[in-house]
Amino acid sequence: MFSVLSISFFQLIAEKVAHALDEGLSVVACIGEKLEEREANKTEEVVYRQTQAIADKIKDWSKVVIAYEPVWAIGTGKTATPQQVTLVSFCFVFLIYTPNSTVKPNIFYVPGSRGP
């Protein structure tokens, strides 16, 4: 079901991020892929779409933190490998930076293995 709604869902999240910023709040925007997407080697595609939707709405990144939190890792005891985190970080940098950019986005990995 998530995949069917993903484009409009990502846009909805981006709208909420923009609205929070317009109201003077800081935002931690979590992005990440589901297990089926990871196993289908779609991590880059999903993370790109999620981040692009947010990037299209953001002019000032000073109050935005992007956190990679793979859905498949939440509560499972599994964590992303350093290679997976690096790949996702490159997706962020590719979308956010431009050749003359002074943007310094805050990017974090949130391990999903934390239990209750």
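Colleague: I tried to follow the overall build of the protein chain on my own but got confused; where do I start?
Modeller: Each helix and strand counted, the protein chain has 4 helices and 3 strands in total. The linear arrangement of helices and strands in the protein chain, starting from the amino end, is α-β-α-α-β-α-β. Relative to its full complement of 116 residues, the protein chain shows a buried share of 34%. Look at the contacts in the protein chain between residues 6 or more apart in sequence, and 73% of them connect residues 24 or more apart.

Colleague: Just checking my understanding: could you explain the nonpolar core for this structure?
Modeller: As a rule of thumb, nonpolar side chains are buried together in soluble globular proteins. With 23 residues, the main nonpolar core has I31, V47, I54, W61, I66, Y68 and F92 as its most contacted residues. Going through the elements one at a time, helix 1 (2-22), strand 1 (27-31), helix 3 (43-55), strand 2 (64-68) and helix 4 (82-96) are the ones with two or more residues in this core.

Colleague: Can you walk me through the packing of aromatic side chains in this structure?
Modeller: Think of a pair of aromatic rings as described by two things: how far the centres are apart, and how the planes are tilted against each other in angle. The final tally for this structure, using the stated rule, is 1 aromatic pair. Here the guanidinium or amino end of R38 rests over the ring plane of W72, the centre of that ring lying 4.2 Å away.

Colleague: Which parts of the structure should I look at to understand unusual backbone geometry?
Modeller: Leaving glycine aside, a negative phi is the common case for residues, and trans is the common case for peptide bonds. Phi is positive for N41, close to 55°, though the residue is something other than glycine. Its place among the elements puts N41 in the loop between helix 2 (35-39) and helix 3. With relative accessibility at 74%, the residue N41 sits in the exposed group.

Colleague: Could you clarify how one ought to interpret the pattern of salt bridges in this entry?
Modeller: Note that side chains of opposite charge can pair when their charged atoms are close. Tallied over the full model, the rule gives 3 salt bridges. Residues K57 and E15 are paired through a salt bridge, measuring 2.6 Å at the closest nitrogen-oxygen approach. Linking K57 in the loop between helix 3 and strand 2 with E15 in helix 1, this pair joins segments that are 42 residues apart in sequence. With relative accessibility at 36%, the residue K57 sits in the partly exposed group. Relative accessible area serves as the criterion here: at 42%, E15 is assigned to the partly exposed category. Measuring nitrogen to oxygen at the nearest pair gives 2.9 Å for the salt bridge that ties E45 to R49. Placement of both E45 and R49 in helix 3 is noted, with a separation of 4 residues, approximately one turn of the helix. Residue class for E45 comes out partly exposed when judged on its relative accessible area of 41%. Residue R49 is classed as partly exposed on the basis of its relative accessible area of 25%.

Colleague: Whenever I open this one, the pairing of strand 2 confuses me. Can you help?
Modeller: In summary, the side chains of a regular strand alternate between the two faces of the sheet. Within strand 2, 5 of the 5 residues are buried, leaving the element largely enclosed by the surrounding structure. Pairing of strand 1 with strand 2, which is carried by 5 bridges, proceeds in the parallel orientation. Bridge pairing in strand 2 places A29 opposite I66.

Conventions we followed
Residues numbered from 1 in each chain as written. Predicted model: local features only at pLDDT ≥ 70, side-chain atom pairs only at ≥ 80, totals over all residues. Heavy atoms only, no water. Helix = DSSP H or I, 4+ residues; strand = E, 2+ residues; numbered from the N terminus. Buried < 20%, exposed > 50% of the residue type's maximum accessible area, 1.4 Å probe, protein only. Contact = heavy atoms within 4.5 Å. Core = buried A, V, L, I, M, F, W, Y, C linked by side-chain atoms within 4.5 Å. Phe/Tyr/Trp six-rings, centres within 6.5 Å; stacked < 30°, edge-to-face > 60°. Lys NZ or Arg CZ within 6 Å of the ring centre and 35° of its normal. Salt bridge = Lys/Arg side-chain N within 4 Å of Asp/Glu carboxyl O. Pairing = 2+ DSSP bridges.

In short, the description is geometric, and any link to function would need to be established separately.
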